[in-house]
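Listed below, chain by chain, are the residues.
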Amino acid sequence: MDRDRFRDVLIATLPAGTVELDPDVIDAFSRDESAFCAPGRPWALVRPTGTEQVAATVRVCAEHGVPIVPRGAGTGVAGGAVAGDGCVILCVTRMNRIVDIDTSNLLAVVEPGVLNAELCAAAAEHGLWYPPDPASRDICSIGGNVATNAGGLCCVKYGVTREYVLGLEVVLADGSVVEVGRRTVKGVAGYDLTALFVGSEGTLGIVTRVTLRLRPPPPPAVTLTAFFDSLPEAGRAISAITAMTTPSLLEIMDATTVAAVEDWKRMDLDTGAAALILAQSDNGTGAQLDAIAAAARSAGATFVAETDDPDAGEQLLTARRLAYPALARLGTAIMNDVCVPLGSVAAAVTAIAERTQRHGVRVGTFGHAGDGNLHPTIVFDRTDPDSASRGEAAYHAMTEAALDLGGTITGEHGVGLLKRPHLARELGKGALGLHAAVKAALDPEGILNPGKIFDL
Ligand SMILES: Cc1cc2nc3c(=O)[nH]c(=O)nc-3n(C[C@H](O)[C@H](O)[C@H](O)COP(=O)(O)OP(=O)(O)OC[C@H]3O[C@@H](n4cnc5c(N)ncnc54)[C@H](O)[C@@H]3O)c2cc1C
């Protein structure tokens, strides 16, 4: 296919200002927050303002056999939005309308480019709450959250994005538009196609509208911090807590992460401890937090503090949300996203430390440990090939460690490009074959985000 001829057709098909050809602008939209994934040279960037423009773009691409890389805000860390050679980047951030907040049916209908925090704010204006709260909520889009099945801090009690997506409008690989799902709380008519698209990382269709479940907000939370002399002790505390109760938040941060946050923002965290856990209870009684404190002490906590001051609680959550950007100030950071069974958190932090030490890299571990979800983040020097290659080796070694413990290679960020080498081991031959069949049924020519999740 001739690039210039294809560009002419695309420009003639779409309204003026929708197609961007400036190589510098295209390059800026070719990457995400991942490392080790070099982008190629895409042919065009398309920035549609509505579903029909998405459909028209897909039709032109399908006719000419040109691959499409869908994209939201580009905060993904698995390389899912990294664009290769000769593709069209389809960035939906201009589709950013909150179409409806339906207070009687507890629903929101939004376009994919709406930021997570914008939806939360709009729901709050109506006295409602959208729970999934990635630490990146101020900068990531709902479309990206749907495509990666994003999690977050409060998901330990309230569930991840999939639990909140009731219906979707999706543009398929031939440019046709389909609606899946429902507006009711329950519903089991037919296959759960909505769930199939959630977490499909742009490989099965382009999400152009989302119907989401909202909830009444929970009571104000009380917050606990517990400090430990070793990271495995903090891991054991996490397992002890989740075995007896479900807090509304349960996070872990190691000393490297705490020091990085403190060096940057001075938030009065104890930098002498090897690890801290952060827990919240929003069930309106003090009993749950007392039980969590007792479990933390039994696991070896050296100091436990509780607060019912919402501002102090929010300050601690802010410290946790700053974990990745704080580590990213120290060099090039790549955040992993492994998830292990709830009883294996201590074993996981131990295995991650051992395997990364072997590669001589610096790692800060934090994460949604109450879900068994850890984000060991490697800091390396991208200008030093040896440092970059040790960083990459450590990234894959810790991913394999999660599988060794019966866990998964990704709890919430997706497979993208980075985790592809590990997918076959996790899924096994049968499930991988089913994936291939689904992909072939929905995208027979393989034009939607090719090479992501698996290389078929
Ligand atoms: C500081 C930081 C903290 C983070 N914390 C969390 C966290 O707590 N929890 C968490 O889950 N993630 C977290 N992330 C990762 C990231 O923010 C999420 O994966 C987020 O859901 C990506 O949204 P996005 O709009 O940036 O998507 P992109 O990065 O633009 O895209 C991600 C994937 O979705 C696909 N996609 C995007 N939009 C569409 C669409 N409309 N239709 C079809 N496919 C689409 C892309 O092709 C790609 O495969 C964090 C990232 C950073 C940088």
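Owing to the predicted nature of the structure, the values given are computational and were not obtained by experimental measurement. (Residues numbered from 1 in each chain as written. Predicted model: local features only at pLDDT ≥ 70, side-chain atom pairs only at ≥ 80, totals over all residues. Heavy atoms only, no water.)

## A look at the overall build of the protein
Scanning the protein from N- to C-terminus turns up 15 helices and 19 strands. In terms of C-alpha radius of gyration, the protein reaches 22 Å, essentially the compact-globule figure of 23 Å for 456 residues. Principal-axis analysis of the C-alpha atoms places the extent of the protein at approximately 65 × 60 × 45 Å. In the protein, which comprises 456 residues, the share counted as buried stands at 55%. (Helix = DSSP H or I, 4+ residues; strand = E, 2+ residues; numbered from the N terminus. Rg over C-alpha atoms; globule rule 2.2 N^0.38 Å. Buried < 20%, exposed > 50% of the residue type's maximum accessible area, 1.4 Å probe, protein only.)

## A word on a nonpolar patch on the surface
Among the surface-exposed residues, Tyr 191, Leu 193 and Leu 196 lie close enough to one another that they form a single nonpolar patch of about 340 Å² accessible area. Tracing the backbone through its elements, the reader meets Leu 193 in helix α7 (residues 193-197). (Patch = residues over 30% accessible without salt bridge, like charges linked within 9 Å, V, L, I, M, F, W, Y side chains within 5 Å. Areas by Shrake-Rupley, 256 points an atom, 1.4 Å probe, with all protein chains shown as cover. Salt bridge = Lys/Arg side-chain N within 4 Å of Asp/Glu carboxyl O.)

## A closer look at the pattern of salt bridges
The final tally for this structure, using the stated rule, is 14 salt bridges. Between Arg 97 and Glu 111 there is a salt bridge; the shortest N-O distance is 3.4 Å. Here Arg 97, found in the loop between β4 (88-91) and β5 (98-102), pairs with Glu 111, found in the loop between β6 (107-110) and α4 (116-125); they are 14 residues apart in sequence, far enough to count as distant. Taking relative accessible area as the criterion, Arg 97 reaches 46% and is therefore assigned partly exposed. Glu 111 sits in the buried class, given a relative accessible area of 6%. When the shortest N-O distance is used, the salt bridge between Arg 425 and Asp 404 registers 2.7 Å. Here Asp 404 lies in helix α14 (residues 385-404) and Arg 425 lies in helix α15 (residues 420-442), a separation of 21 residues in the sequence. On the basis of relative accessible area, Arg 425 is assigned to the partly exposed category, the value being 45%. Looking at Asp 404, the relative accessible area reads 44%, which means it is partly exposed. Salt bridges sharing partners connect three or more residues here, namely Arg 355, Glu 400, Asp 404 and Arg 425.

## Things to note about the layout of surface pockets
Of the volumes computed, that of the largest pocket is approximately 1,000 Å³. Considering the residues around the largest pocket, the lining is formed by 48 residues, among which Thr 75, Gly 76, Ser 136, Cys 140 and Asn 145 are closest to the centre. Sort the elements by how many residues they give to the lining of the largest pocket and helix α5 (residues 142-148) lands first, with five residues. Here the lining of the largest pocket is built from residues that sort into 21 nonpolar, 18 polar and nine charged. (1 Å grid on protein atoms, 1.4 Å probe; cavity = no way out; pocket = protein on both sides within 12 Å on 5 of 7 lines; lining within 4 Å. Points joined across faces, edges and corners; volume = space filled by probe spheres on them. Nonpolar A, V, L, I, M, F, W, Y, C, P; charged D, E, K, R; others polar.)

## Brief notes about the nonpolar core
Grouped together as the largest cluster of nonpolar side chains are 43 residues, with contacts concentrated most on Leu 224, Ala 226, Phe 228, Ile 252, Ile 277, Leu 374 and Ile 378. Broken down by secondary-structure element, the contributors of at least two residues to this core are β10 (222-228), α8 (231-244), β11 (249-254), β12 (275-281), α10 (287-298), α13 (345-358), β19 (377-380) and α14. Here this core spans two domains, and each of domain 1 (3-91) and domain 3 (222-404) adds at least three residues to it. Non-local contacts of Ala 226, meaning those with residues more than four positions away in its chain, are made with Ala 275, Leu 276, Ile 277, Ala 296, Ala 301, Phe 303 and Val 304. Counting 28 residues, the second largest nonpolar core, distinct from the first, contains Ala 108, Trp 129, Val 170 and Leu 212. (Core = buried A, V, L, I, M, F, W, Y, C linked by side-chain atoms within 4.5 Å. Domains from an automatic or database assignment. Contact = heavy atoms within 4.5 Å.)

## Here's the deal with the domain arrangement of the protein
Along its sequence, the protein is organised into domain 1 (3-91), domain 2 (98-213) and domain 3 (222-404). Spacing between the C-alpha centres of domain 1 and domain 2 amounts to 23 Å. Roughly 1,000 Å² of surface becomes buried between domain 1 and domain 2 when both sides are summed, with 69% attributable to carbon and sulfur atoms. In this assembly, domain 1 and domain 2 are joined by zero salt bridges. The interface formed by domain 1 and domain 2 includes one residue pair in polar contact (both at pLDDT 80 or more). Here the element with the most residues in the side of domain 1 that touches domain 2 is helix α3 (residues 51-64); it accounts for six residues. Broken down by class, the residue content of the side of domain 1 that touches domain 2 amounts to eight nonpolar, three polar and one charged. (Buried area = accessible area lost by both parts, 1.4 Å probe. Polar contact = N/O pair within 3.5 Å; in protein donor to acceptor, adjacent residues only side chain to side chain.)

## Concerning the sheet that holds strand β16 (residues 362-364)
Strand pairs in the sheet, formed through backbone hydrogen bonds, run parallel or antiparallel to each other. Strand order in the open sheet formed by three strands is β14-β19-β16, and the pairing between neighbours is antiparallel. Edge positions in the sheet fall to β14 (332-335) and β16, since each has one partner strand and no second. On average, adjacent strands in this sheet sit at an angle of 25 degrees to one another, irrespective of strand direction. Relative to β19, β14 is paired through four bridges, and the arrangement is antiparallel. Following the sheet pairing, Met 335 is matched in β19 by Thr 377. Across the sheet, α14 lies against β14, β16 and β19, angled at about 170 degrees from β19, the strand it touches most. (Pairing = 2+ DSSP bridges. Axes fitted to C-alpha atoms, helices over the stretch in contact; angles between N-to-C directions.)

## A short note on the sheet that holds β11
Taken together, the five strands give an open sheet; going across it, the order is β13-β10-β12-β11-β17, and neighbouring strands pair in antiparallel fashion. Every interior strand has two partners, whereas the edge strands, β13 (303-307) and β17 (366-367), have only one. Sheet topology note: the β11/β12 ladder contains six bridges and is antiparallel. Counted as the bridge partner of Leu 250 is Ala 279 from β12. In the packing of helix α9 (residues 255-265) onto the sheet, the strands contacted are β11, β12 and β17, and the crossing angle to β11 comes to about 90 degrees. Sheet contacts for α10: β10, β12 and β13; angle to β10, the most-contacted strand, approximately 5 degrees.

## Description of unusual backbone geometry
At Phe 36, a position not held by glycine, the phi torsion is positive, near 65 degrees. Following the sequence through the fold, Phe 36 ends up in the loop between α2 (23-28) and β2 (44-46). Looking at Phe 36, the relative accessible area reads 25%, which means it is partly exposed. Not every positive phi belongs to a glycine, and Leu 106 is a case in point at roughly 55 degrees. Positionally, Leu 106 belongs in the loop between β5 and β6.

## Considerations on α13
For α13, spanning 14 residues, the distance from its first C-alpha to its last is 20 Å, which sits close to the expected 20 Å at 1.5 Å a residue. Along α13, the positions that sit buried rather than exposed are Val 345, Ala 346, Ala 348, Val 349, Ala 351, Ile 352 and Thr 356. As for α13, its buried residues are in contact with α8, β15 (338-339), β16, β18 (373-374) and α14. (Expected span 1.5 Å × (residues − 1).)

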